[in-house]
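Okay, here's what each chain looks like letter by letter:
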Amino acid sequence: MATSTVSNSSMHEEDVLIQELGYDDHFHDHHHGDKFKSNFITTYIFSMDHKMIAKQFLITGMFWAVVGSLMSLVFRLQLGFPEESLLWLKPLLGKWIVVNNGVGSLAPEFYYALVTMHGTILVFFVLTAGLSGTFSNLLIPLQIGARDMASPFLNMLSYWFFFTAGVVMFLSLFLSTGPFSGGWTAYPPLSILPQASTGSGAGMTLWALSLVLFVVSVLLGGVNYITTVLNMRTKGMSLWRMPLTIWAFFITAIIGLLSFPVLVSAFLLVIFDRTFGTSFFLSEIYIGGQALEHVGGSPILFQHLFWFLGHPEVYIIILPAMGLVSEVLSVHSRKPIFGYKAMVFSIIAIAFLSFIVWAHHMFMSGVNPFISNFFVVFTLIIAVPSAVKVFNWISTLYKGNVRFNAASLFAIGFVSMFISGGLTGIFLGNSAIDIQLHDTYFVVAHFHIVMGVAAFFGMFAGIYHWFPKMYSRFMNETMGRIHFWGTMVGAYAIFWPMHYTGMAGVPRRYYAFDTFETFRHFTELNQFITIAAIITFLFQVVFIINFFYSIWKGKKMTTKNPWGASTLEWTTPIHPGHGNWEGNIPAVQRWPYDYGKNGREFIPQIEPLAEGEKDGGH
Amino acid sequence: MNAGTAPMEYGSKNKIHPKKFALWVACAGITMMFASLTSSYLVRRAAGNWLEFPLPVVFWYSTVVIVASSVALHFAYTSFKNGREQAYRWLLSAAFVLGFAFLALQYQGWVALKEMGVAINTNPSGSFVYVISGIHAAHILGGIGALLVALLHAWSLPYKVTQQRKLRFEMTLTYWHFVDFLWVYLFFFFISQS
Ligand code: HEM
Ligand SMILES: [Cu+2]
């Protein structure tokens, strides 16, 4: 198996290279390394070590993933089996299970609350913080050759803001009026008028508070990531020698820095509308026959502000996953990544374009059709850099000496998901077709496949691949493969059918369809989706058991570089302490993708170029 | 924070200290926030039902005051570097007092708006002025906090130009210039719109 590809003698050589060519930053002269180990609180709780903070993000993210997924199972049960009794959930959900003739069903208000929480939690807490927070923290210092982040203190704050945001959101679940229920996009008036729905009062207040805290966390993290990548690279680590993971995290942080503040503006204006009676987003509205005081606001303005963040946000989610996948695919197919520079330029192109396509979420909001055309064109252009990336991943695999393990399988699965979901994006990007498809299950299928499932796959690939670096042990490979195949088949089983229901016009976010004669024949399909969702969830339980079991009982790592990878993180000790490298910081001599070159399986980045050898990637 | 994270000493590309760089990056984020607020203003204005009113004169005064504060801080910094100990202390204090005066004047500006009959919830045109200048004031408050720390250092520590103190001062200076400039931009934005 892969774990034995590297002999001990070559490891020894690497230590010599680090010692001789590396860079002495006098880190160990100060003895502050010990400070971080000395007590439980600073090691495990208020840690400033990027590796520990990464684990904190990961495990918090996993907690939220479980909560958010269970929510979806509850509302899927209601959708798939509206006639069955949900009475057995009453002990957990209390008054949100309404009993009628002995049959318990989910209260419609709570259905909306669950859908909203599911979206918010998965998009922000799991796929933003859990994914980018985990891997940016873990890999940026390790792969660029830094002792830690530029500011370990801000890094710690970043985690604790995220944690607090989570606590606030969690508390909102227990409000007597329920959590916010106006959708993860929080459109006004549902997000502004407390009387608009049950969740619009205290639920929305806590939701907004939680998200403001969350944005602070993202920004603190992002400022740190950008600064670290630009200022803390080791000797020889030029930008063009950075692994694609780092490129992805770096560009992601820039997108976040430029888009999240806009979301804050939107939220601040919402908060003013809610509490100070301003009318930024509220137009003339009658509720219960009563005209409200608010005049002249524009709910569409909110949508503009929201999607100016919202669309870049989806790339904030997917770019880190793309970075992880590029790295994992290259290492496990024992080939250099195909088209390294093209990969970097397409990340940059995607990032740039992601700022000028936001109104494709608003084709049906009454925006001027001529303006729509502009957004149609740029939306469709995004398909170009996306396709470049897909092409390069497939070319990387082509004729590779691929090791099919859990990590690489998930990376390959990512490519499959990204293709399937990207293609439906091209449908939606045409404003004329969107008239039929907007707000249907087709959109739900599109973004779950291209963003939800794909990003999860990238994250799983990353976890299986870097678990040894995090815990010095391996995850169980058999369970990993079972997890992969179950999730791969399960995810398609859940979301593929939604394309058909969506094309037939079944609207998303509806509590029940029994009044629509036309949708009657989808009843069985709906049940199928629900059952598939439950089974797929069970496969995630396999993953969770594997993860926690392996932390304590997994197979121990015996060599530093089990995958035979060329990047710097695998030159650190098996149990890296604070500061990552024991002696010198390694110096970088070549690009990160020298696999199968000159008859060698891989050449580490710290090995000098041979005479006359050209550095790759250019 | 800790020595392991100091910038690397080799090469010439690492001239800027990571913390300073981080501050610039943070300023870029803040800029985006105000850019989005002022574009919202424009978009909303174009939609009609927009109350026109002149910006109260107090805002002219506050603008002068904040620029003066920036200038004072700038000379406080050059005095600090060049060993003019007393000038440094007094100019820094002046910058601090002027910063405070700015906030007081902004408050007067809001009162004047209200007296003109433009309350926060009268019409979005007025609401925007309150909200944008209010959010800006919150950023000034952060700057005043930093100035306060600088002031305490100036008056309580023995005068000495160390790398650490210079870095701190430079960061305070950068941030203060940034939020001051931000106000000047907002001010001219409002003027050009009313
Ligand atoms: C080829 C590239 C893509 C195109 C052309 C595209 C286009 C679109 C369009 C036009 C919509 C709006 C549909 C509607 O509401 O009627 C949409 C929705 C969405 N897309 Fe994509 N998309 C692409 C890729 C992606 C990627 C890569 C992600 C995430 C990683 C993503 C995430 C989403 C999400 C989350 C929504 C729905 C948001 C909501 O309404 O709740 N899309 N997409
Ligand atoms: Cu979009």
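The structure under discussion appears in the preceding block.
Just so we're clear, the structure is a prediction, and the values are computed from it rather than from any experiment.

What counts and what doesn't
Residues numbered from 1 in each chain as written. Chains lettered and ligands numbered in written order. Predicted model: local features only at pLDDT ≥ 70, side-chain atom pairs only at ≥ 80, totals over all residues. Heavy atoms only, no water. Pairing = 2+ DSSP bridges. Helix = DSSP H or I, 4+ residues; strand = E, 2+ residues; numbered from the N terminus. Salt bridge = Lys/Arg side-chain N within 4 Å of Asp/Glu carboxyl O. Donors = N, O, S within 2.8 Å, 3.2 Å for Na, K, Ca; no water. Near = heavy atom within 4 Å. Polar contact = N/O pair within 3.5 Å; in protein donor to acceptor, adjacent residues only side chain to side chain. Contact = heavy atoms within 4.5 Å. Buried area = accessible area lost by both parts, 1.4 Å probe. Core = buried A, V, L, I, M, F, W, Y, C linked by side-chain atoms within 4.5 Å. Buried < 20%, exposed > 50% of the residue type's maximum accessible area, 1.4 Å probe, protein only. Axes fitted to C-alpha atoms, helices over the stretch in contact; angles between N-to-C directions. Parallel < 35°, antiparallel > 145°, perpendicular 65-115°, else oblique. Left-handed = near helix turned anticlockwise from the far one by under 90°. Nonpolar A, V, L, I, M, F, W, Y, C, P; charged D, E, K, R; others polar.

A few points about the pairing of strand β2 (residues 103–106) of chain A
All names here are of chain A. Bridging between strand β1 (residues 97–100) and β2 involves four bridges; their strand directions are antiparallel. What sits directly across from Val 99, in β2, is Gly 104. The turn linking β1 back onto β2 is made up of two residues, and Asn 101 within it adopts a positive phi angle of 55°.

Examining the pattern of salt bridges
All names here are of chain A. Using the criterion set out here, one finds 17 salt bridges over all chains in the structure. The closest approach of N and O atoms between Lys 597 and Glu 613, which form a salt bridge, is 2.8 Å. Here Lys 597, found in strand β5 (residues 595–597), pairs with Glu 613, found in the segment after β6 (600–602); they are 16 residues apart in sequence, far enough to count as distant. One connected set of salt bridges, linked through shared partners, spans Arg 590, Asp 594, Lys 597 and Glu 613.

Structural notes on the coordination of the copper ion (ligand 2)
Residue and element names in this part refer to chain A. Protein-derived coordination of the copper ion (ligand 2) comes from His 311 (ND1), His 360 (NE2) and His 361 (NE2), at a distance range of 1.8 to 2.0 Å. Sequence spacing of the donor residues for the copper ion (ligand 2), all on one chain, is H-x48-H-H. A separation of 4.6 Å is found between the copper ion (ligand 2) and the iron atom of ligand 1. One end of the pair, His 311, is in helix α9 (residues 299–332); the other, His 360, is in the loop between α10 (340–353) and α11 (369–397), with 49 residues separating them in the sequence.

Description of the coordination of the iron atom of ligand 1
On the protein, His 446 of chain A (NE2) is the one donor atom to the iron atom of ligand 1, at 2.1 Å. Checked against the element boundaries, His 446 of chain A lands in helix α14 (residues 441–471).

Points about the site of ligand 1
Residues and elements named next belong to chain A. Within the structure, ligand 1 sits among 22 residues, and Trp 184, Asp 434, His 438, His 446 and Arg 508 are positioned closest to it. Contact between ligand 1 and His 438: an oxygen atom at 2.6 Å from a side-chain N or O atom of the residue. For ligand 1, an oxygen atom lies 2.9 Å from a polar atom in the side chain of Arg 508.

Observations concerning the interface of chain B and chain A
Counting from both sides, the interface comprises 35 residues of chain B and, opposite them, 43 residues of chain A. Both faces combined, the contact of chain B with chain A buries some 3300 Å², and carbon together with sulfur accounts for 73% of it. At the surface where chain B touches chain A, the tally comes to zero salt bridges. Along the contact surface separating chain B from chain A lie three residue pairs in polar contact (both at pLDDT 80 or more). Among the secondary structure elements, those contributing two or more residues to the side of chain B that touches chain A are α1 (18–46) and α4 (124–156) of chain B. The dominant element in the side of chain B that touches chain A, judged by the number of residues it contributes, is α1 of chain B, at 15 residues.

Points about the nonpolar core
Side chains that are nonpolar tend, in soluble globular proteins, to be buried together. All names here are of chain A. The biggest cluster of nonpolar side chains holds 258 residues, and the ones touching the most others in it are Trp 393 and Phe 414. Take this core: its biggest share by element is 21 residues, from helix α5 (residues 108–144). Residue contacts for Phe 414: discarding those within four places in its chain leaves Ile 318, Ala 321, Met 322, Val 325, Trp 393, Ala 454, Phe 457 and Gly 458.

Quick word on the packing of α5 of chain A against helix α8 (residues 244–275) of chain A
Residues and elements named next belong to chain A. Look at α5 against α8: their axes get within 10 Å of each other, and the N-to-C directions meet at 130°. Of the possible angle classes, the one that applies to α5 and α8 is oblique. When the axes of α5 and α8 are compared, the crossing they make is left-handed. Across from Phe 124, Ser 132, Phe 135, Ser 136, Leu 139, Ile 140, Gln 143 and Ile 144 in α5, the residues of α8 making contact are Thr 245, Ile 246, Phe 249, Thr 252 and Phe 260. For the contact of α5 with α8, the per-class residue count stands at eight nonpolar, five polar and no charged.

Examining the side chain of Asn 137 of chain A
Residue and element names in this part refer to chain A. Looking at where Asn 137 falls in the secondary structure, it is placed in helix α5. Judged by its relative accessible area of 0%, Asn 137 is buried. Of the polar contacts made by the side chain of Asn 137, one reaches the side chain of Tyr 225; its length is 3.4 Å. Residues in contact with Asn 137, not counting those within four places in the same chain, are His 50, Ile 53, Ala 54, Phe 57, Ser 132, Met 149, Asn 155 and Tyr 225.

Overview of the packing of helix α2 (residues 58–81) of chain B against helix α3 (residues 85–115) of chain B
Residue and element names in this part refer to chain B. Between α2 and α3, the least distance of the axes is 8 Å, while the angle of their chain directions is 165°. When the axis of α2 is compared with that of α3, the two are roughly antiparallel. Where α2 crosses over α3, the two elements pack in a sense that is left-handed. Looking at the contact of α2 with α3 residue by residue, the classes come out as 24 nonpolar, seven polar and no charged.

A few points about unusual backbone geometry
Note: most residues except glycine have negative phi, and most peptide bonds are trans. Put simply, Pro 188 of chain A and Pro 189 of chain A share a cis peptide bond, and its omega is 5°. Of note, Pro 189 of chain A is situated in the loop between α6 (152–172) and α7 (202–231). Within the chain, Asp 439 of chain A stands out as a residue other than glycine whose phi angle is a positive 55°. Backbone geometry places Asn 49 of chain B, a non-glycine residue, at a positive phi of 50°. Residue placement: Asn 49 of chain B occurs in the loop between α1 and α2.

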